[in-house]
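Chain residues, written in single-letter form:
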Amino acid sequence: KQEVTQIPAALSVPEGENLVLNCSFTDSAIYNLQWFRQDPGKGLTSLLLIQSSQREQTSGRLNASLDKSSGRSTLYIAASQPGDSATYLCAVRRGNNAGNMLTFGGGTRLMVKP
Amino acid sequence: NAGVTQTPKFQVLKTGQSMTLQCAQDMNHNSMYWYRQDPGMGLRLIYYSASEGTTDKGEVPNGYNVSRLNKREFSLRLESAAPSQTSVYFCASSLAGGGRYEQYFGPGTRLTVT
């Protein structure tokens, strides 16, 4: 059974720092990996989707990398801002069918202090 | 364009009561999903609908039923609520059930069963 782990569970940094969030998964046979952001009391917002054939994806100040063979992904946030404070979740998908469900990690709660 | 909407936002039920959680999307997506989010357990898939007219069980379907009313709407019903069903419920949709499509989430329904 696929297990997804995110470390650390919580992170507090001063504004302006570059930071890395980690995601690891036990079964490397994944179809893709998705990073989400969740604000308190809100739903999930998709940030980046990386297919298994890709090594990284970028969107603005965010860069996500994927090393499928080692079962790891990182989300790099450049020049962090207080507005980046949220919980970040990664999720992996085994296959291309609707029945291949997303398996989520427990999330990293990020606090960026002004 | 409202995206994915869910009603109600909050609900308190007594054990044994029934209720239906409503979800609608206006993105013309074919696939829809119901998740629950619990502390320490992450998000887990309850049921999904790959396309209008089809529904399938996810990881934790016991105690729930679903209806794909039309392409826009996907409801989740608790026939006899139990305290173990206290959770935050999220509805999501994607263009298709294929893994390369991102899932878009609603704001959630916070359910407490006493």
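Above: the structure in question.
Every value quoted in this text rests on a predicted model; they were computed, and no experiment measured them.

A. Just the pattern of salt bridges, in detail. Residues and elements named next belong to chain B. With the rule as written, the count across this model stands at seven salt bridges over all chains. A salt bridge links aspartate 38 to arginine 36; its shortest N-O distance comes to 2.8 Å. Like aspartate 38, the residue arginine 36 is buried in the burial classification. One salt bridge in this structure joins aspartate 38 and arginine 44, with 2.9 Å as the shortest N-O distance. Assigned by exposure class, aspartate 38 and arginine 44 land together as buried. Taken together, the shared-partner salt bridges in this structure form one network comprising Arg36, Asp38 and Arg44.

B. Representation of the nonpolar core within the structure. Within the largest apolar cluster, 22 residues are counted, with the highest numbers of intra-cluster contacts made by Leu33, Trp35, Leu75 and Ile77 of chain A. Residue assignment for this core shows that the elements contributing at least two residues are strand S3 (19-25), strand S4 (32-38), strand S5 (44-51), strand S7 (62-67), strand S8 (72-77), strand S9 (86-93) and strand S11 (108-113) of chain A. For isoleucine 77 of chain A, the residues in contact, after removing those within four places along its chain, are Glu17, Asn18, Leu19, Leu21, Arg61, Leu62, Asp84, Tyr88 and Leu110 of chain A. Listed in part, the 20 residues of the second largest apolar core include Ile46, Val60, Phe74 and Leu76 of chain B.

C. Here's a closer look at the interface of chain B and chain A. Chain B puts 22 residues into the contact, and the matching count from chain A is 24 residues. Summed over both sides, the interface of chain B with chain A buries roughly 1700 Å², with 56% coming from carbon and sulfur. For the pair chain B and chain A, the interface holds one salt bridge. Salt-bridge contacts for glutamate 59 of chain B lead to lysine 1 of chain A; the nearest nitrogen and oxygen are separated by 3.7 Å. The tally of links between chain B and chain A comes to three residue pairs in polar contact (both at pLDDT 80 or more). If you list the elements that add at least two residues to the side of chain B that touches chain A, you get strand S4 (31-38) and strand S5 (42-49) of chain B.

D. Main features of the packing of aromatic side chains. Under the defined criterion, the tally for this structure stands at seven aromatic pairs over all chains. Ring centres 5.8 Å apart and planes at 85 degrees place the aromatic pair phenylalanine 104 of chain A and tyrosine 35 of chain B in the edge-to-face group. Pair noted here: phenylalanine 104 of chain A is in strand S10 (residues 102-104) and tyrosine 35 of chain B is in strand S4, and the two residues belong to different chains. Overall, phenylalanine 104 of chain A belongs to the buried group, its relative accessible area being 7%. The buried category is assigned to tyrosine 35 of chain B, whose relative accessible area is 0%.

Thresholds, definitions, all that
In every chain, residue numbers begin from 1 and rise along the written sequence. Each chain takes a letter, starting from A, and each ligand takes a number, starting from 1, following the order in which they are written. Where totals are concerned, whole chains, interfaces and linings use all residues; where local detail is concerned, this predicted model gives features only for residues with pLDDT of at least 70, and gives and counts side-chain atom pairs only at 80 or more. Derived side-chain values reflect all non-hydrogen atoms in the structure, with water molecules and hydrogen atoms excluded from consideration. Counted as salt bridges are all cases of a side-chain nitrogen of Lys or Arg within 4 Å of a carboxyl oxygen of Asp or Glu. The classification of residues rests on relative accessible area computed with a 1.4 Å probe and restricted to protein chains. Under 20% of the type maximum is buried, over 50% is exposed, and intermediate values are partly exposed. Buried Ala, Val, Leu, Ile, Met, Phe, Trp, Tyr and Cys residues form a nonpolar core when they are joined through side-chain atoms within 4.5 Å. Secondary structure counts use DSSP, requiring at least four H or I residues in a row for a helix and at least two E residues in a row for a strand, with both numbered from the N terminus. Any two residues having at least one pair of non-hydrogen atoms within 4.5 Å are treated as being in contact. Reported buried area values correspond to the accessible surface (1.4 Å probe) lost by two parts on association, with both partners' losses combined. Under the rule applied, a polar contact is a pair of N or O atoms within 3.5 Å (in protein, one hydrogen donor and one hydrogen acceptor; residues adjacent in sequence only if both atoms are side-chain atoms). Side-chain rings of Phe, Tyr and Trp, where Trp is taken by its six-membered ring, are said to pair if the distance between their centres is within 6.5 Å; with planes under 30 degrees apart they count as stacked, over 60 as edge-to-face, and otherwise as tilted.

These values are about where atoms sit, not about what they do.
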